[in-house]
Amino acid sequence: MKVNILIVHLNGEKVIYNCLSSIYNNTKGINNEYNKIKIRILLNNSADKSEEIIKKNFPGISIYKTSKTIGFAEACNFLAKKSDSEYIVFLNNDTEVNKNWLDEMLKTIKNHKNCVVCQPKIKSYYQKEMFEYAGAAGGFIDKYGYPFCRGRIFDSVERDMGQYNDEKRIFWACGVCFFVNRDFFIKTGGFDEEFFMYAEELDFCWRANIYGKEIWYCPTSEIYHIGSYSVRKERINLKKEYLIIRNHILLLLKNYSALNIIKILPLRISLEIISSIIFFPVKTVSFLKTCINLPFIYVMKINKKRNKIQSERKVHDKEISKLMAKESIALDYFIKGKRKFNEVKFK
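Here the residue numbers are simple positions, counted from 1 along each chain's written sequence. In view of the model being predicted, local features appear only for residues whose pLDDT reaches at least 70, and side-chain atom pairs are presented and counted only at 80 or more, with totals across whole chains, interfaces and linings using the full set of residues. Excluding hydrogens and water, the side-chain figures rest on all heavy atoms present in the structure.

S.K.: Help me understand the overall build of the protein in this model?
M.R.: Secondary structure summary: the protein contains 11 helices and 14 strands in total. In this description the radius of gyration comes from C-alpha coordinates, and the expected globular size is given by 2.2 Å times residues to the power 0.38. Taken over C-alpha atoms, the radius of gyration comes to 19 Å for the protein, in line with the 20 Å a tight globule of 347 residues would show. Taking the principal axes of its C-alpha atoms as reference, the protein extends roughly 55 × 40 × 40 Å. Per-residue accessibility, obtained with a 1.4 Å probe over protein chains only, is compared with the maximum for each type, and a residue is labelled buried under 20%, exposed over 50%, and partly exposed between these values. A burial count over the protein gives 57% of its 347 residues as buried. Once local pairs closer than 6 in sequence are excluded, the contacts in the protein between residues at least 24 apart make up 76%. Per-residue accessibility takes into account occlusion by the displayed protein chains alone, with areas from the Shrake-Rupley method and a 1.4 Å probe. Per element, the accessible surface of the protein, about 15800 Å² overall, is 54% carbon and sulfur. Positive and negative charge centroids in the protein, built from 57 and 38 side chains respectively, lie 3 Å apart. The numbering of helices and of strands both runs from the N terminus, where a helix is a DSSP run of H or I of at least 4 residues and a strand a run of E of at least 2. Only heavy atoms enter the contact rule, under which two residues are in contact if any of them lie within 4.5 Å. The positive count covers Lys and Arg only, the negative count covers Asp and Glu only, and His and the chain ends enter neither. To locate a charge, the coordinates of NZ of Lys, CZ of Arg, CG of Asp or CD of Glu are taken.

Structure follows, in C-alpha cells:
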C-alpha cells in the first residue's frame, strides 16, 4: 500500500534531522525497490541549512520551497496535491515516530470501512510517560465547539497508564499526525485555507462526519511530539489567540445546521465574553478583533463553503452529536472540577 508522508518545515536543522531519522529507522518501505513510502517536504520559507541536511542525509526525499511563509492549511493542501498515493499522512516536523507507527494506522483504517482519517497515540517528547497536549489519544468536542482529548482537557494532561489502549471512533484527529485517504481529502476540499492554522483538522473532521465518514484512533501506533516548535510564543501570542477564537467560531458557522447555529452560537459567544474578562488582556483583544472581522470573513469567504457543505449533508446533527460532550466542557472543567476524559458525559 503506497503512502506519502507530508511534512511542512519552517527552520530547525536538528528537529527535522531527528524527525526524518526516526521515520527512516521505524518505517518499512522507505526508499526500497518498490518505493511504497515516499516523503515530501515543503520548506515553508525556511532560511537555515535544513535543505542541505535533508539532501545529504536522506536522499530520495522530494523537496519543495516557498518564497514566503504560508499558512499550515495551505502548505498541507499543496503537498497533498503533489502526492501520488492512496493514503497521505501529515506529520509535524517536531515529532519522533515509534516502530511500525505507519503499518498500525493502516490496519486501523482498513478495519473500518467508513474510516477516512486516523491518528496515533500522541505523547510528550520530553515526558514520554505523559500524553501530549495536541491530540493525546484522540479528539472530541462539546456542543459549543470546545475541543478536548482522551488524555487531555484544557491544560490537564493525563499520564499514559494504558487507559486509552482501545481502538476507538473519535470526533477529530490531530494535525500533528493526520493519516487520511488522499482521494477523500482532495475531493472534499482539503483543509480550509481561511483557517491559516489552528483547528483546520477539526473543521475537516467535522465535515467528514457530516458526509457519513468516520475518524478513528489507533492505540498501537505511537509518536512523540515536542509541541509549538514553529510558533514563537513571545511574538505570536495575540495572533495565536485570535486565530483560535475566530476559527472555533467559524467551525460552528460552517458545520452546524441553521437551527443549531441559532441555539448554540449565542451561548458560545457568552462563554467567550466570560473568558475574555477572566483572561484579560490577551483574550480580550483577540475576542474584540474576532467580533470586528468575523462578519466580513463569513460573508466573503465562509458562507459559500457552508452552503455547499449543508447541501451535501448525509448525516443529521442529532446523529453527530452522539460524539459530542453532553454539557459544556468549559463549565465541567472550571466550575465542576472535571479533569479527566472518563468524567465527561456524552449523549
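S.K.: Help me out: how do you make sense of the environment of I109 in this one?
M.R.: For I109, the position within the fold is in helix 4 (residues 101–111). A C-alpha to C-alpha distance of 25 Å links I109 and M130, two positions 21 residues apart in sequence. Not counting the four nearest positions on each side in its chain, I109 is found in contact with Y87, C115, V116, V117 and F179.

S.K.: What is the right way to read the pairing of strand 12 (residues 177–181) from this model?
M.R.: One face of the sheet, then the other: side chains in a regular strand alternate in exactly this way. Here strand 12 lies mainly inside the structure; 5 of its 5 residues are buried. The side-chain alternation of strand 12 yields two buried faces, one formed by C177, F179 and N181 and the other by F178 and V180. Note on pairing: DSSP must find at least two bridges between two strands before they are called paired. Inspection of the sheet shows strand 6 (residues 115–124) paired to strand 12 by 2 bridges, in the antiparallel sense. Bridging across to strand 12, V117 finds its partner in V180.

S.K.: Hey, could you run me through the environment of E158 in this one?
M.R.: Among the secondary structure elements, E158 is positioned in the loop between strand 10 (156–157) and strand 11 (168–170). Taking the relative accessible area as the measure of exposure, E158 reaches 8% and is therefore buried. C-alpha separation for the pair E158 and A136, spaced 22 residues apart in sequence, amounts to 8.8 Å. Residues in contact with E158, not counting those within four places in the same chain, are M130, F131, G151, Q163, Y164, K340 and F341.

S.K.: Just checking my understanding: could you explain the packing of helix 1 (residues 13–26) against helix 2 (residues 50–57) for this structure?
M.R.: Helix-helix packing is characterised by the crossing angle of the two axes and by the distance between the axes. The axes used here are C-alpha line fits, helices contributing only the stretch in contact, and every angle between their N-to-C directions lies in the interval 0 to 180 degrees. Between helix 1 and helix 2, the least distance of the axes is 9 Å, while the angle of their chain directions is 25°. Between helix 1 and helix 2, the crossing angle belongs to the class labelled roughly parallel. Remark: the crossing between helix 1 and helix 2 carries right-handed chirality. When helix 1 is examined against helix 2, the residues E13, I16, Y17 and L20 are found in contact with a partner set consisting of S50, I53, I54 and N57. Per-class residue counts for the contact of helix 1 with helix 2 are 5 nonpolar, 2 polar and 1 charged. Roughly parallel means an angle under 35 degrees; roughly antiparallel means over 145; roughly perpendicular covers 65 to 115; every other angle is labelled oblique. Should the near helix be turned counterclockwise from the far one by less than a right angle, the crossing is left-handed, whereas a clockwise turn marks it as right-handed. Under the grouping applied here, Gly and all other residues not named as nonpolar or charged are polar, the nonpolar ones being Ala, Val, Leu, Ile, Met, Phe, Trp, Tyr, Cys and Pro and the charged ones Asp, Glu, Lys and Arg.

S.K.: I'm lost on the pattern of salt bridges in this one. Help?
M.R.: Side chains that carry opposite charge are capable of pairing whenever their charged atoms lie near each other. For salt bridges, the criterion is a side-chain nitrogen of Lys or Arg within 4 Å of an Asp or Glu carboxyl oxygen. Applying the stated criterion across every chain, the model contains 28 salt bridges. With a closest N to O distance of 3.1 Å, K121 and D160 form a salt bridge. With K121 in strand 6 and D160 in the loop between strand 10 and strand 11, this pair connects stretches of sequence that are 39 residues apart. With relative accessibility at 3%, the residue K121 sits in the buried group. Two residues, E222 and K123, come together in a salt bridge whose shortest N-O distance is 3.9 Å. Of this pair, E222 sits in strand 13 (residues 214–225) while K123 sits in strand 6, and the two are 99 residues apart along the sequence. In this structure E222 comes out as buried when scored by relative accessible area, which is 17%. Each of D192, D203, R207, K254 and K305 takes part in one network of salt bridges that share partners.

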